[in-house]
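Listed below, chain by chain, are the residues.
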Amino acid sequence: MADDIFFKGDDNTNLTDTPPQLISETINKVEAILKDHYPDYLSFGNGTFTISRGSSHVMIIVRPYTQNETCVEYIANVVTGAKITSELMRFLLRKNSELHFGSFGLIFDDTITFSHTITGSSLTKDQLVITLNSIAVISDYYDDIIVDLAGGKRASDLVEDLEN
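In this text, all values refer to a predicted model and were calculated from it rather than measured experimentally.

**Things to note about unusual backbone geometry**
- You will see that Asp-110, though not glycine, has its phi angle at about 70°, which is positive.
- Tracing the chain through its elements places Asp-110 in the loop between strand E5 (103–106) and strand E6 (112–119).

**Topic: the pairing of E5**
- Relative to E6, E5 is paired through four bridges, and the arrangement is antiparallel. Bridging across to E6, Ser-103 finds its partner in Ser-115.
- In textbook terms, the turn of a hairpin is the stretch between consecutive antiparallel strands, and for E5 and E6 this stretch comprises five residues, one of which, Asp-110, has a positive phi near 70°.

**A word on helix H4 (residues 125–150)**
- In this model H4 runs 36 Å from its N-terminal to its C-terminal C-alpha over 26 residues, within 8% of the 38 Å that 1.5 Å per residue would give.
- Tyr-142 marks the point of greatest bend in H4, at about 30°.
- The complete set of buried residues in H4 reads Leu-128, Val-129, Thr-131, Leu-132, Ile-135, Ala-136, Ile-138, Ser-139, Tyr-142, Asp-143, Ile-146 and Ala-150.
- Gly-151 lies just past H4 and shows a positive phi near 75°.

**Thoughts on the pattern of salt bridges**
- Evaluated as defined, the whole model comprises four salt bridges.
- A salt bridge links Lys-125 to Asp-126, with the nearest nitrogen and oxygen atoms 3.2 Å apart.
- Judged by relative accessible area, Lys-125 falls into the partly exposed class, the value being 41%.

**Some thoughts on the nonpolar core**
- In terms of nonpolar packing, the biggest core is built from 36 residues, with Leu-34, Tyr-74 and Ile-146 touching the most fellow members.
- Only helix H2 (20–37), strand E2 (48–53), strand E3 (56–66), strand E4 (69–80), helix H3 (86–98), E6 and H4 provide two or more residues apiece to this core.

**Re the pairing of E6**
- Pairing of E4 with E6 involves eight bridges; the strand directions are antiparallel. Bridge pairing in E6 links Glu-73 to Thr-117.

**Observations concerning the packing of aromatic side chains**
- Under the counting rule described, the total for this entry stands at five aromatic pairs.
- Between Tyr-141 and Tyr-142, the aromatic rings sit 4.8 Å apart at their centres with planes inclined by 90°, giving edge-to-face as the arrangement.
- Residue class for Tyr-142 comes out buried when judged on its relative accessible area of 10%.
- An aromatic cluster is present here, built from Phe-91, Phe-104, Phe-114, Tyr-141 and Tyr-142 joined pairwise through their rings.

About the cut-offs
The written sequence of each chain sets the order in which its residues are numbered from 1. It should be noted that, the model being predicted, local features are given only for residues of pLDDT at least 70 and side-chain atom pairs only at 80 or more, the latter also being counted only at that level, while totals for whole chains, interfaces and linings use all residues. Side-chain measures were taken over the full set of non-hydrogen atoms in the model, leaving aside hydrogen atoms and water. A run of DSSP states H or I qualifies as a helix once it reaches four residues; a run of E qualifies as a strand once it reaches two. Both are numbered from the N-terminal end. In this scheme, strands are said to pair when DSSP sees at least two bridges between them. A helix's residues, less one, multiplied by 1.5 Å, set its expected span. Bend is the name given here to the angle between axes fitted to two runs of seven residues, the run ending at a residue and the run starting at it. Note on exposure labels: buried denotes an accessible area under 20% of the residue type's maximum, exposed denotes more than 50%, and partly exposed covers the range between, all computed with a 1.4 Å probe on protein chains only. Basic side-chain nitrogens of Lys or Arg form a salt bridge, by our definition, when they fall within 4 Å of a carboxyl oxygen of Asp or Glu. Side-chain atoms within 4.5 Å link the members of a nonpolar core, which is a set of buried Ala, Val, Leu, Ile, Met, Phe, Trp, Tyr and Cys residues. Between rings of Phe, Tyr and Trp, where Trp is taken as its six-membered ring, a pair exists when centres lie within 6.5 Å; planes separated by under 30 degrees are stacked, by over 60 edge-to-face, and by other angles tilted.

Any link to function would need more than the numbers given here.
Take a look at the structure:
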């Protein structure tokens, strides 16, 4: 089967089984950079971190990928509770084709996200900082536009609701 070729190595091992040590190394690298550049980041202790910038909150998640690679995923929940219409979908898809990297998406509850993933093995301080800042700036910019188009709440609105 074609799937076996992609998911199995020559020694018949699963290529998606990332060694725990490799995952830990990537988590430590990410956390060291966050400590230096984003001292008020939050760590959830499982390779997941978050920072707040403007009205956006960006999650950074270290994930397994292959036997020799991890990936670092950056996800911002842009707007929750928007009315998902064909007009909104066309807007988001057009933006996906215009933006240099990253893309809008929908998660299970129709929350609009913006995300981008990079590999962990070659992760540098500059890559992490530039990617994180880009995701935050794009999310912070487009959340107001999306709320105007389709309603809903930005990430910072949800935090304010919880605090009140």
